[in-house]
Amino acid sequence: SMKKSVSPVSCFRLPEMVERSNTRYHRMFITRISMIFLLISILSVLSWFLILSSTDPNRVLDHITVSEPTDSPLIIIKNSEKSPQQNDAELPNPKNSGGAKTEEVKETLQCNQKVSPPSPRPLKVYMYDMSPEFHFGLLGWKPERKGVVWPDVRVNVPHHPGGLNLQHSVEYWLTLDLLFSELPEDSRTSRAAIRVKNYTEADVVFVPFFSSLSYNRFSKVTQKQKQSRDRELQDKLVKFVTAQKEWKISGGKDHVIMAHHPNSMSTARHKLYPAMFVVADFGRYSPRVANVDKDIVAPYKHLVSSYANDTSGFDSRPVLLYFQGAIYRKAGGFVRQELYYLLKEEKDVHFSFGSVQNHGISKAGVGMRSSKFCLNIAGDTPSSNRLFDAIASHCIPVIISDDIELPYEDVLNYNEFCIFVRASDALKKGFLLGLVRSIGREEWNKMWGRLKEVERYFDLRFPAKDNDGDYGVQMIWKAVARKAPLVKMKVHRFQRFTRPFLI
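Residues numbered from 1 in each chain as written. Predicted model: local features only at pLDDT ≥ 70, side-chain atom pairs only at ≥ 80, totals over all residues. Heavy atoms only, no water.

- As annotated in an unreviewed UniProt entry, the chain is Exostosin GT47 domain-containing protein from Brassica napus.
- We quote the UniProt Subcellular location (unreviewed entry) comment for the chain here in full: "Golgi apparatus membrane".
- Per its UniProt entry, the chain bears the Sequence similarities (unreviewed entry) comment "Belongs to the glycosyltransferase 47 family." (UniProt positions renumbered as here; feature names shortened; annotations may be inferred.)

### Considerations on the sheet that holds strand β10 (residues 349-353)
Line of reasoning, step 1. Taking strand neighbours across the sheet as the criterion, the five strands line up as β10-β9-β11-β12-β13 in an open arrangement whose pairing is parallel. Strands with a single pairing partner mark the edges of an open sheet, and in this sheet they are β10 and β13 (419-420).
Line of reasoning, step 2. Relative to strand β12 (residues 396-400), strand β11 (residues 371-377) is paired through five bridges, and the arrangement is parallel. Looking at the pairing, Cys374 lines up with Pro397 of β12.
Line of reasoning, step 3. Taken strand by strand, helix α9 (residues 334-343) contacts β9 (319-325), β10, β11 and β12, and its axis lies near 130 degrees from that of β10.
Line of reasoning, step 4. In the packing of helix α10 (residues 360-369) onto the sheet, the strands contacted are β9 and β11, and the crossing angle to β9 comes to about 165 degrees. (Pairing = 2+ DSSP bridges. Helix = DSSP H or I, 4+ residues; strand = E, 2+ residues; numbered from the N terminus. Contact = heavy atoms within 4.5 Å. Axes fitted to C-alpha atoms, helices over the stretch in contact; angles between N-to-C directions.)

### Description of helix α6 (residues 211-218)
Given 3.6 residues per turn, any residue in an α-helix points the same way as the ones three and four places further on.
Line of reasoning, step 1. Among the residues of α6, Ser211, Ser212, Leu213 and Ser214 are the ones counted as buried.
Line of reasoning, step 2. Summarising the contacts, the buried residues of α6 are in contact with α5 (170-181), α7 (229-243) and β6 (255-258). (Buried < 20%, exposed > 50% of the residue type's maximum accessible area, 1.4 Å probe, protein only.)

### What to know about the packing of α5 against helix α15 (residues 472-494)
Line of reasoning, step 1. In the contact formed by α5 and α15, the axes pass within 10 Å of each other and the chain directions differ by 85 degrees. Overall, the two elements α5 and α15 adopt an arrangement that is roughly perpendicular. Contacts between α5 and α15 pair Val170, Trp173, Leu174, Asp177 and Leu178 from the former with Val473, Ile476 and Trp477 from the latter.
Line of reasoning, step 2. Within the contact of α5 with α15, the residues separate by chemical class into seven nonpolar, no polar and one charged. (Parallel < 35°, antiparallel > 145°, perpendicular 65-115°, else oblique. Nonpolar A, V, L, I, M, F, W, Y, C, P; charged D, E, K, R; others polar.)

### Points about the sheet that holds strand β7 (residues 276-279)
Paired through their backbone hydrogen bonds, the strands of a sheet run either parallel or antiparallel.
Line of reasoning, step 1. Read across the sheet, six strands follow the order β4-β3-β5-β6-β7-β8 without closing on themselves; strand pairing throughout is parallel. Across the chains shown, the open sheet's two edge strands, defined by having one partner strand only, are β4 (193-196) and β8 (296-297).
Line of reasoning, step 2. Where β6 and β7 come together, three bridges link them in parallel fashion. Counted as the bridge partner of Val256 is Met276 from β7.

### Considerations on the packing of aromatic side chains
Line of reasoning, step 1. Here the structure, examined in full by the defined rule, presents 21 aromatic pairs.
Line of reasoning, step 2. With a centroid separation of 5.2 Å and an interplanar angle of 80 degrees, the aromatic rings of Phe136 and Phe210 are classed as edge-to-face. One end of the pair, Phe136, is in the loop between β3 (123-127) and α5; the other, Phe210, is in the loop between β5 (204-207) and α6, and 74 residues separate them in sequence.
Line of reasoning, step 3. Residue Phe210 is classed as buried on the basis of its relative accessible area of 1%.
Line of reasoning, step 4. With centroids separated by 5.8 Å and ring planes inclined at 25 degrees, the aromatic side chains of Tyr408 and Phe458 adopt a geometry described as stacked. Within this pair, whereas Tyr408 is found in the loop between β12 and β13, its partner Phe458 is found in the loop between α14 (441-454) and α15, the two being separated by 50 residues in sequence. Like Tyr408, the residue Phe458 is buried in the burial classification.
Line of reasoning, step 5. Connected via pairs of aromatic rings, a cluster forms that spans Tyr300, Phe388, Tyr408, Tyr414, Phe417 and Phe458.
Line of reasoning, step 6. We note Lys301 situated over the ring of Trp173; from NZ or CZ to the ring centre the distance is 5.2 Å. (Phe/Tyr/Trp six-rings, centres within 6.5 Å; stacked < 30°, edge-to-face > 60°. Lys NZ or Arg CZ within 6 Å of the ring centre and 35° of its normal.)

### A short note on a nonpolar patch on the surface
Line of reasoning, step 1. Together, Phe29, Ile30, Ile33, Ile36 and Ile40 give the surface a local cluster of nonpolar side chains, amounting to about 470 Å² of exposed area.
Line of reasoning, step 2. When you line up the elements, Ile36 lands in helix α1 (residues 8-54).
Line of reasoning, step 3. Classification of Ile36 as partly exposed rests on a relative accessible area of 47%. (Patch = residues over 30% accessible without salt bridge, like charges linked within 9 Å, V, L, I, M, F, W, Y side chains within 5 Å. Areas by Shrake-Rupley, 256 points an atom, 1.4 Å probe, with all protein chains shown as cover. Salt bridge = Lys/Arg side-chain N within 4 Å of Asp/Glu carboxyl O.)

### Quick look at the nonpolar core
Line of reasoning, step 1. Leu321, Phe373, Leu375, Val398, Ile400 and Trp477 are the most contacted members of the largest nonpolar core, which has 117 residues in total.
Line of reasoning, step 2. It is α15 that contributes the most residues to this core, nine residues altogether.
Line of reasoning, step 3. In this structure Leu321 touches Leu343, Asp348, Val349, His350, Phe373, Leu375, Val398, Leu432 and Leu433, once residues within four positions along its chain are discounted.
Line of reasoning, step 4. Counting six residues, the second-largest nonpolar core is a separate cluster that includes Ala364, Met368, Ala390 and Cys395. (Core = buried A, V, L, I, M, F, W, Y, C linked by side-chain atoms within 4.5 Å.)

### Points about α9
Line of reasoning, step 1. For α9, every residue scored as buried is listed here: Val335, Arg336, Leu339 and Leu343. Viewed along the axis of α9, the buried residues span an arc of 100 degrees, placing them on a single side of the element. (Arc of directions from axis to C-beta.)

### So, unusual backbone geometry
Line of reasoning, step 1. Looking along the chain, the bond that leaves Phe462 and enters Pro463 is cis, with omega of -10 degrees.
Line of reasoning, step 2. Secondary-structure assignment places Pro463 in the loop between α14 and α15.
Line of reasoning, step 3. Its identity as a non-glycine residue notwithstanding, Met265 has a phi of 55 degrees, on the positive side.
Line of reasoning, step 4. Relative to the helices and strands, Met265 resides in the loop between β6 and β7.
Line of reasoning, step 5. At His394, a residue that is not glycine, the phi angle is positive and equals roughly 60 degrees.
Line of reasoning, step 6. Along the chain, His394 falls in the loop between α11 (386-392) and β12.

### A few points about the pattern of salt bridges
Oppositely charged side chains may form a pair once their charged atoms are brought near each other.
Line of reasoning, step 1. Throughout the structure, instances matching the rule amount to 24 salt bridges.
Line of reasoning, step 2. Between Lys294 and Asp295 there is a salt bridge, with the nearest N and O atoms lying 2.7 Å from each other. The pair Lys294 / Asp295 is uniform in exposure class, with both members buried.
Line of reasoning, step 3. Each of Asp129, Glu182, Arg195 and Lys197 takes part in one network of salt bridges that share partners.

### Digging into the environment of Phe431
Line of reasoning, step 1. Following the sequence through the fold, Phe431 ends up in helix α13 (residues 431-437).
Line of reasoning, step 2. Taking the C-alpha atoms as reference points, Phe431 and Val421, separated by 10 residues in sequence, lie 9.6 Å from one another.
Line of reasoning, step 3. Leave out the neighbours within four places in its chain, and Phe431 touches Val421, Asp425 and Ala426.

Below you can see the structure in the form of structure tokens.
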């Protein structure tokens, strides 16, 4: 057989060809990798550019600002980080774009600068026209003819008896304010609430039952009665309110019911608890029935006279610490008794028993006006009228009540004009006196000045004038208004599985 011969030249060229092929493949691989990397880099840069441009504040031209819920048109304000002067400087040159157009733009800008947000609209309140036996009839008022349920407050304001009944009289003042709001004589430009006759227009529904007056006057059972008149009125109230179309539509969640006296609405509260209660505190309520999230804390009506034209000062108030009232109380009131034994011998402290008898209220007013600090100690309930008497007397309140809830505390900082002390600290020997003695003239004057500024927030009066500012009734209505959005949400949730328009 014949053997094949292999050319020497072929043997030398084969490795060279393989090497060239590998080099070409390597170059193509590197080129592709480079192109992929370049593409990824370009996409990354573009992505970051889009993200940064989307967060540029100048990209958003318009902002809508709404101060509070209002029926007024929304104000559209162009966003700019520059001052009006800078904006004017950047207006087109009259030589290039025409002077008329420039003047028009300037005039528009000046007009927009003068526009201020609309004032919040008043709370719209629908009030039931209930029988006088639930409200002013409890004061002895009788309508002049059939079909009339309200007095004409322009000429005949039913007289409140005063005395201790007056401290829980918020129901009286709120009702008068609503009746007055629908009269042409009410010339106030800053009303916090107005009465409306159509329920569909209303933010809340007001139930005019004078529950505190009913309890104070008619809670005792006479020999001829099986139950008190107050209990009868509560039963009739529940029957009336729950039968109303307005209650059925909302489940009562948009209703406002007054229960300021801690013992008022004792039975009805358990059936009408979906409503918003106006209370003094929550000491005698279960959290399911009443709580600070759902309900409104309103001030007591102070019993001492307001201290008009107060020119007193730190040095003209000789008493350091003042308390006069019932010392032996139930429940949390044991602190009063313990403090009495700690402080009764102190020379610059007035701590004594007192009552409304023998001109007790006027004597307490004189004592508070002569004192730098006034004790407000928990009694049978966390709150008492004594706090608001101290405010009216411009005596710095020292509050010793761990469970107290205060009116308007979501918008009012009581630390600016009150001192809070835990009950456990107050009972430590020397702690309380050491605290108040550490407050010097400058700090006391600052708190005293703030106290005089805020006292009107707790002053319940009728009629109110435009220059009265935010007096007590206005502040209560505003507190209700701040709950209105939550109330609306609750009503909407209640209506998920109902058809209220068919009720």
